[in-house]
Amino acid sequence: MSRALMVQGTASNAGKSVLVTALCRIFRQDGYRVAPFKAQNMSLNAYVTADGGEIGRAQGVQAEAAGALATVAMNPVLLKPKGDSVAQVIIHGRPVGDFTAQGYREDCLSRAWQAVRESYARLSKDYDVVVIEGAGSPAEVNLREKDIANMRVAALAEAPVLLVADIDRGGVFAQVVGTLALLLPEEAARVRGVVINKFRGDLAILTPGLRFLEEKTDRPVLGVLPFLADLGVAAEDSVSLGAGFFRPDAALDIAVVRLPRIANFDDFDPLLAEPDVSLRFVSHPRCVGQPDLLILPGTKNTVADLRWLSATGWAAVIRERAAAGMPLLGICGGYQMLGRELQDPGGLEDTAGVHVGLGLLDVVTVFRPGKVTVRRTGFVSGAGMLAPLAGEKVSGYEIHAGETFRGAGAAPIFTLEAPSGTAAEGAVAGAIWGTYLHGLFETDGFRRGYLNLLRRRRGLPPVDYGVSFARLKEECFDRLAAAVREHLNLREIYRWLGL
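Regarding the overall build of the protein
When its secondary structure is counted, the protein shows 15 helices and 29 strands. Against the globule reference of 23 Å for 499 residues, the protein gives a C-alpha radius of gyration of 23 Å, in line with a compact fold. Summarising its shape, the C-alpha atoms of the protein cover approximately 70 × 50 × 45 Å along the three principal directions. A burial count over the protein gives 57% of its 499 residues as buried. Taking the intrachain contacts of the protein between residues at least 6 apart in sequence as the baseline, contacts between residues at least 24 apart amount to 73%. Element-wise, carbon and sulfur atoms account for 52% of the exposed surface of the protein, whose accessible area totals about 19900 Å². Between the averaged position of the 54 positive side-chain charges in the protein and that of its 55 negative side-chain charges there is a distance of 0 Å.

Here it is, written out as structure tokens:
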């Protein structure tokens, strides 16, 4: 049986996911078989496992850091919000329905907890160490009786708990003391140490506060982790999504429409690795300017975000830019929005009926029961602006509801491997194209080739900076692990685990 360590936080975005990623890498470096685990995750950033299951993106990234094959056992319950009060519930990698918060607690929680128990049992048999990530805060007293993400999981795994607090937000001492005060005695007893995260200042000035915390809580502060900019580790959700990465001397300006329900925005992380790219997430159409590429990203509710585009003036601006010849890309939900219409007879996506799209690609999307979650490989077919890239290899994953049909006015972009041979995917007309393929820009040759097509439109020569995104990810994991090793008392944690 494995040993388990749990990382909980005083709030969302305190740094739990990043610390778990670092610990997974550290245990791997030290020779242990290690797996991440998050019982219940709420996130619009998803990851497709090798067998086609859907888990939180953070657990997929943590598995990569651990050198482990990502499985649905690492995140048995995933909640994907579709609105303020409804979420799609995914158990063991497969959707089981849309539920309100109350409906989920009444109709689905016992099944979800059983999945948590089964998944943890599986991991604990297969790995030396399981690093568990909590969700939100363990001190949400209104949720205690229905908790399947925090202290109930710590008790299941008999895991010591590290409590992480974000000093960058302010009020860090109240965060820690207040959290512990609101826990039940048996819950508080599981918290063995505290970690202060995202510290930017002079440690000498903080030291009296650390002594206060240790005296007040009777627990050691095991580390003060510095604020680490440009981690290169995929963010958990849009709560941590910034404005992008502005390079004043970059040759290419790429703008991403920041949809209200944006999903899988880490699709664009590989673009940030290219020295000649400046990437912006833009909320208001008046700020879009004249980018070299405008991207409509994925979304958890295509129809609702399509209405938002019209209400905010984005739809008119997008059509205007497209008419002027600006390159335009839609990924997943963004691809669906580019089409002529979205047919939802059963109201599966949103309101039942036929919804008019942006009309920039001759495609129609039909929503039916079921969901596609699959990894793909293939090559560029060669049409429209992408014709010079014909034969270039691509890979990625699909994760979507709905099926999109091309009309005569659009050509397929990719030829992808399929169970029956190959299948055409995506649609392109001139400089406008759309695809269901997430993670597309992680393929180095395709990414650099497409960026060079954008450079050519600017009259610039092609370049190849030799960026390997896979190598960069490995370097980021190692850099993160080194920073945590330097500032965290790992000897004490290893002592807890008997390692």
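Brief notes about the environment of Arg280
Note on placement: Arg280 falls in strand β16 (residues 277–282). With relative accessibility at 18%, the residue Arg280 sits in the buried group. C-alpha of Arg280 to C-alpha of Ala418: the two residues are 138 residues apart in sequence and 34 Å apart in space. Among the polar contacts listed, one links the side chain of Arg280 to the side chain of Asp253, at a separation of 2.9 Å. In this structure the side chain of Arg280 is engaged in a polar contact, spanning 3.0 Å, whose partner is the backbone oxygen of Cys287.

Thoughts on the packing of helix α10 (residues 302–312) against helix α11 (residues 314–323)
Following both chains from N to C, one finds α10 and α11 inclined at 85°, their axes separated by 4 Å at the closest point. As judged from the angle between their axes, α10 and α11 are roughly perpendicular. Contacts between α10 and α11 pair Trp308, Leu309, Ser310 and Thr312 from the former with Trp314, Ala315 and Ile318 from the latter. Grouping the constituent residues of the contact of α10 with α11 by class yields five nonpolar, two polar and no charged.

Side note on helix α14 (residues 469–487)
The end-to-end C-alpha separation of α14 is 27 Å, in line with the 27 Å expected for 19 residues at 1.5 Å each. Buried residues of α14: Phe469, Lys473, Cys476, Phe477, Leu480, Ala481, Ala483 and Val484, and no others. The arc that holds every buried residue of α14, seen down its axis, measures 160°, which confines them to one face. In this fold, the buried residues of α14 make contact with α1 (16–29), α2 (57–66), β12 (221–226), α9 (269–272) and α13 (444–457).

What to know about the sheet that holds strand β22 (residues 363–366)
Paired through backbone hydrogen bonds, the strands of a sheet run either parallel or antiparallel to each other. Read across the sheet, four strands follow the order β21-β20-β22-β25 without closing on themselves; strand pairing throughout is mixed. Across the chains shown, the open sheet's two edge strands, defined by having one partner strand only, are β21 (353–356) and β25 (403–406). Taken over all neighbouring pairs, the strand axes of this sheet differ in orientation by 20° on average, direction set aside. Examined bridge by bridge, β22 and β25 share four bridges and lie antiparallel to one another. Across the sheet, the residue bridging to Val364 is Phe405, located in β25.

Here's the deal with the pairing of strand β7 (residues 86–91)
Of all six residues in β7, five are buried; the element is thus mostly enclosed. The pairing of strand β6 (residues 77–81) with β7 spans five bridges and is classified as antiparallel. Residue pairing for β7: Lys80 is matched across the bridge by Gln88. Here β6 folds back onto β7, and the loop between the two strands holds four residues. Sheet analysis places β7 next to strand β8 (residues 94–100), joined by six bridges and oriented antiparallel. Each residue of the ladder has a partner; that of Val89, found in β8, is Gly97. Here β7 hands over to β8 after two residues, with His92 in that stretch at a positive phi of 50°.

Concerning the packing of α1 against α2
It is the contact of α1 with α2, at a shortest axis distance of 7 Å, that shows an interaxial angle of 20°. Relative to α2, α1 is oriented roughly parallel. Regarding α1 and α2, the two cross each other, and that crossing is right-handed. For the pair α1 and α2, the contacting residues are Ser17, Val20, Thr21, Cys24, Arg25 and Arg28 in the first and Ala58, Gln62, Glu64, Ala65 and Ala66 in the second. Here the contact of α1 with α2 is built from residues that sort into five nonpolar, three polar and three charged.

Some points on the side chain of Asp305
Here Asp305 is to be found in helix α10. Those residues in contact with Asp305, other than ones at most four positions away along the chain, are Leu259, Pro260, Arg261, Ile262, Thr299 and Met337.

Digging into unusual backbone geometry
You will see that Lys198, though not glycine, has its phi angle at about 65°, which is positive. Phi is positive for Asp218, which is not a glycine, with a value near 60°. Mapped onto the elements of the fold, Asp218 is located in the loop between α8 (203–217) and β12. Since its relative accessible area comes to 68%, Asp218 is described here as exposed.

Details of the pattern of salt bridges
All told, the structure shown has 32 salt bridges when counted by the stated rule. The salt bridge involving Glu442 is made with Arg57; its shortest N-O contact spans 3.5 Å. With a gap of 385 residues between them, Glu442 in the loop between β29 (432–435) and α13 and Arg57 in helix α2 connect regions that are remote in the sequence. Measuring nitrogen to oxygen at the nearest pair gives 3.1 Å for the salt bridge that ties Arg458 to Asp292.

Observations regarding the environment of Ile26
For Ile26, the location among the structural elements is in helix α1. Under the relative-accessibility criterion, Ile26 is labelled buried at 0%. Spatially, the C-alpha atom of Ile26 lies 9.3 Å from that of Leu480, the residues being 454 residues apart in sequence. Every residue in contact with Ile26, bar those within four places of it in the chain, is listed here: Ala481, Val484, Arg485, Leu490 and Tyr494.

What counts, and where the lines are drawn
Residues numbered from 1 in each chain as written. Predicted model: local features only at pLDDT ≥ 70, side-chain atom pairs only at ≥ 80, totals over all residues. Heavy atoms only, no water. Helix = DSSP H or I, 4+ residues; strand = E, 2+ residues; numbered from the N terminus. Rg over C-alpha atoms; globule rule 2.2 N^0.38 Å. Buried < 20%, exposed > 50% of the residue type's maximum accessible area, 1.4 Å probe, protein only. Contact = heavy atoms within 4.5 Å. Areas by Shrake-Rupley, 256 points an atom, 1.4 Å probe, with all protein chains shown as cover. Lys, Arg positive; Asp, Glu negative; His and termini not counted. Charge placed at Lys NZ, Arg CZ, Asp CG, Glu CD. Polar contact = N/O pair within 3.5 Å; in protein donor to acceptor, adjacent residues only side chain to side chain. Axes fitted to C-alpha atoms, helices over the stretch in contact; angles between N-to-C directions. Parallel < 35°, antiparallel > 145°, perpendicular 65-115°, else oblique. Nonpolar A, V, L, I, M, F, W, Y, C, P; charged D, E, K, R; others polar. Expected span 1.5 Å × (residues − 1). Arc of directions from axis to C-beta. Pairing = 2+ DSSP bridges. Left-handed = near helix turned anticlockwise from the far one by under 90°. Salt bridge = Lys/Arg side-chain N within 4 Å of Asp/Glu carboxyl O.

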